[in-house]
Amino acid sequence: MKLTKQDVVARFLPATLAEGAQAEAFAPSNIALCKYWGKRDKELNLPINSSLSVSLAHLGSRTRITPSDDGADHVLLNGEEQPLDSKFAGKVIAFVELFRRELDQPLTIDTHNNIPTAAGLASSASGFAALMLALDKFYDLALEPQLLSAFARMGSGSASRSIYQGFVEWQMGHREDGMDSYAMPLEQSWPELRVGLLKVATGEKKVDSRAGMQRTVETAHLYQSWPLQAAADLEKLTDAIVRRDFELLGSTAEQNALSMHATMIASWPPLLYWQPDSVAAMHQVWQLRADGLPLYFTMDAGPNLKLLFSAEHQQAVCDAFEQLEVVAPFSG
Ligand code: DP6
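Source: prediction; values computed, not measured.

Cut-offs and rules
- Residues numbered from 1 in each chain as written.
- Predicted model: local features only at pLDDT ≥ 70, side-chain atom pairs only at ≥ 80, totals over all residues.
- Heavy atoms only, no water.
- Phe/Tyr/Trp six-rings, centres within 6.5 Å; stacked < 30°, edge-to-face > 60°.
- Helix = DSSP H or I, 4+ residues; strand = E, 2+ residues; numbered from the N terminus.
- Buried < 20%, exposed > 50% of the residue type's maximum accessible area, 1.4 Å probe, protein only.
- Domains from an automatic or database assignment.
- Contact = heavy atoms within 4.5 Å.
- Buried area = accessible area lost by both parts, 1.4 Å probe.
- Salt bridge = Lys/Arg side-chain N within 4 Å of Asp/Glu carboxyl O.
- Polar contact = N/O pair within 3.5 Å; in protein donor to acceptor, adjacent residues only side chain to side chain.
- Nonpolar A, V, L, I, M, F, W, Y, C, P; charged D, E, K, R; others polar.
- Near = heavy atom within 4 Å.
- Areas by Shrake-Rupley, 256 points an atom, 1.4 Å probe, with all protein chains shown as cover.
- Pairing = 2+ DSSP bridges.
- Axes fitted to C-alpha atoms, helices over the stretch in contact; angles between N-to-C directions.

## Let's talk about the packing of aromatic side chains
Stage number 1. Tallying each qualifying case throughout the model produces ten aromatic pairs.
Stage number 2. Look at Phe-95 and Phe-99: their rings are 5.7 Å apart centre to centre, the planes differ by 55°, and that puts the pair in the tilted class. Placement of both Phe-95 and Phe-99 in helix α2 (residues 87-100) is noted, with a separation of four residues, approximately one turn of the helix.
Stage number 3. We classify Phe-95 as buried; its relative accessible area is 3%.
Stage number 4. What makes Phe-99 buried here is its relative accessible area of 1%.
Stage number 5. Through successive ring pairs, a cluster of aromatic residues spans Phe-12, Phe-95, Phe-99, Phe-128 and Phe-151.

## Thoughts on the domain arrangement of the chain
Stage number 1. The domain boundaries assigned to the chain delineate domain 1 (5-185) and domain 2 (193-327).
Stage number 2. Taken together, the contact between domain 1 and domain 2 spans 30 residues of the former and 39 residues of the latter.
Stage number 3. Roughly 2700 Å² is buried in total at the junction of domain 1 and domain 2, and carbon and sulfur atoms are behind 71% of that figure.
Stage number 4. When the buried area of domain 1 at its contact with domain 2 is split by residue, Leu-33, Lys-35 and Trp-37 rank highest and sum to 32% of it.
Stage number 5. Applying the counting criterion to the domain 1 and domain 2 interface returns two salt bridges.
Stage number 6. For the interface between domain 1 and domain 2, the tally reads nine residue pairs in polar contact (both at pLDDT 80 or more).
Stage number 7. Elements with a minimum of two residues in the side of domain 1 that touches domain 2: β1 (23-34), β4 (51-67) and β8 (167-170).
Stage number 8. With five residues, the single largest contributor to the side of domain 1 that touches domain 2 is β4.
Stage number 9. Looking at the side of domain 1 that touches domain 2 residue by residue, the classes come out as 16 nonpolar, nine polar and five charged.

## Considering the site of the ligand
Stage number 1. Around the ligand there are 17 residues in total, and Tyr-36, Lys-39, Ser-156, Ser-158 and Arg-210 lie nearest to it.
Stage number 2. Measuring from an oxygen atom of the ligand, one finds a side-chain N or O atom of Tyr-36 at 2.6 Å.
Stage number 3. At 2.6 Å from an oxygen atom of the ligand is found a side-chain nitrogen or oxygen belonging to Ser-156.
Stage number 4. Out of a free accessible area of 460 Å², the ligand has 92% covered by protein chains.
Stage number 5. For the shell around the ligand, the per-class residue count stands at six nonpolar, six polar and five charged.

## What to know about the side chain of Ser-158
Stage number 1. Residue placement: Ser-158 occurs in the loop between α4 (145-155) and β8.
Stage number 2. Since its relative accessible area comes to 17%, Ser-158 is described here as buried.
Stage number 3. Setting aside its immediate chain neighbours within four residues, Ser-158 contacts Asn-30, Tyr-36, Ala-125 and Trp-170.

## With respect to the sheet that holds strand β12 (residues 305-310)
Stage number 1. An order of β11-β12-β10-β13 is seen for the four strands of this open sheet, with the pairing classed as antiparallel. This sheet does not close on itself; its edge strands, each paired only once, are β11 (296-298) and β13 (325-327). On average, each strand axis in the sheet is inclined to that of its neighbour by 30°, with strand direction left out of account.
Stage number 2. In this sheet, β12 lies alongside strand β10 (residues 193-198) in antiparallel orientation, the contact comprising six bridges. When the sheet's bridge partners are listed, Leu-197 is paired in β12 with Lys-306.
Stage number 3. Against the sheet, helix α7 (residues 246-265) touches β10, β11 and β12, its axis set at about 40° to β11.
Stage number 4. Where helix α8 (residues 276-290) meets the sheet, its contacts fall on β10, β11 and β12, and the angle it forms with β11 comes to roughly 150°.

Have a look at this one:
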């Protein structure tokens, strides 16, 4: 019988928890340099490949949990109450239930994302990580980072990496219960590294990552080669980080993102997340690079680009791309 999230989490918690008073936690958003794409277990969000990301410092989600006094759960997003039957509230409450279980304490879960909406970044990674960290405090669990990461992964795979700042590697793991599938921070930092968030198109209603990766795994023969690509890229990226080799970091991240997109395009029905403006921005990056600017990009399951460059080239990059939101992941 397949393990459920409930089975797995319950093994690490006391039979019942004490009611909490209030708690608040922040978790950063993250950008994968080696992408997570494809699951071996959909229930537990266990990935087919290991991945590596960089967290976005102060950009992310802040979640506050308080007991509610009117006997009902409340879910708020950026100050607005979300109907309990909405997709967002449903996911939040389902995750809270993994911990609350038979404890009959209604809660208010208030999440604020400070990711600029203009950057078009997904917030499920920072959202589930912040929720996990807030639950850990609220119920006084004091869980080890590996457990926090593995549990956040059950909310959304990429949330496993948002438990930490800096460079983070999520080991795919092999166990059936997934408890060896968690992220760990790398000790290296890279103070000059910059990530530029470039919103190139207002995306139409898209297929989310969850549905997109499932479609890719099920329909794209090209996906067979993805785990090999990811494993090779992970090694190159680790090497690039240790040696602070920017060209190796940027080129590997860009090729990794384009390889992932190749598997998406080879799915059926096809998944092409790019808009004409995305392709125009790619060509602009390639032209600037040909002209001598060390600039690379990565992309997730959407039309926007994330630019990778070094602090010394920030002015030139910002001159080329107006309204670029620049993040210094290791700013201190
Ligand atoms: C393309 O973590 O959002 O951004 O586990 O189904 O919630 P679920 O998927 P999610 O997928 C992220 C995919 C990606 C690459 C990455 O962040 O590694």
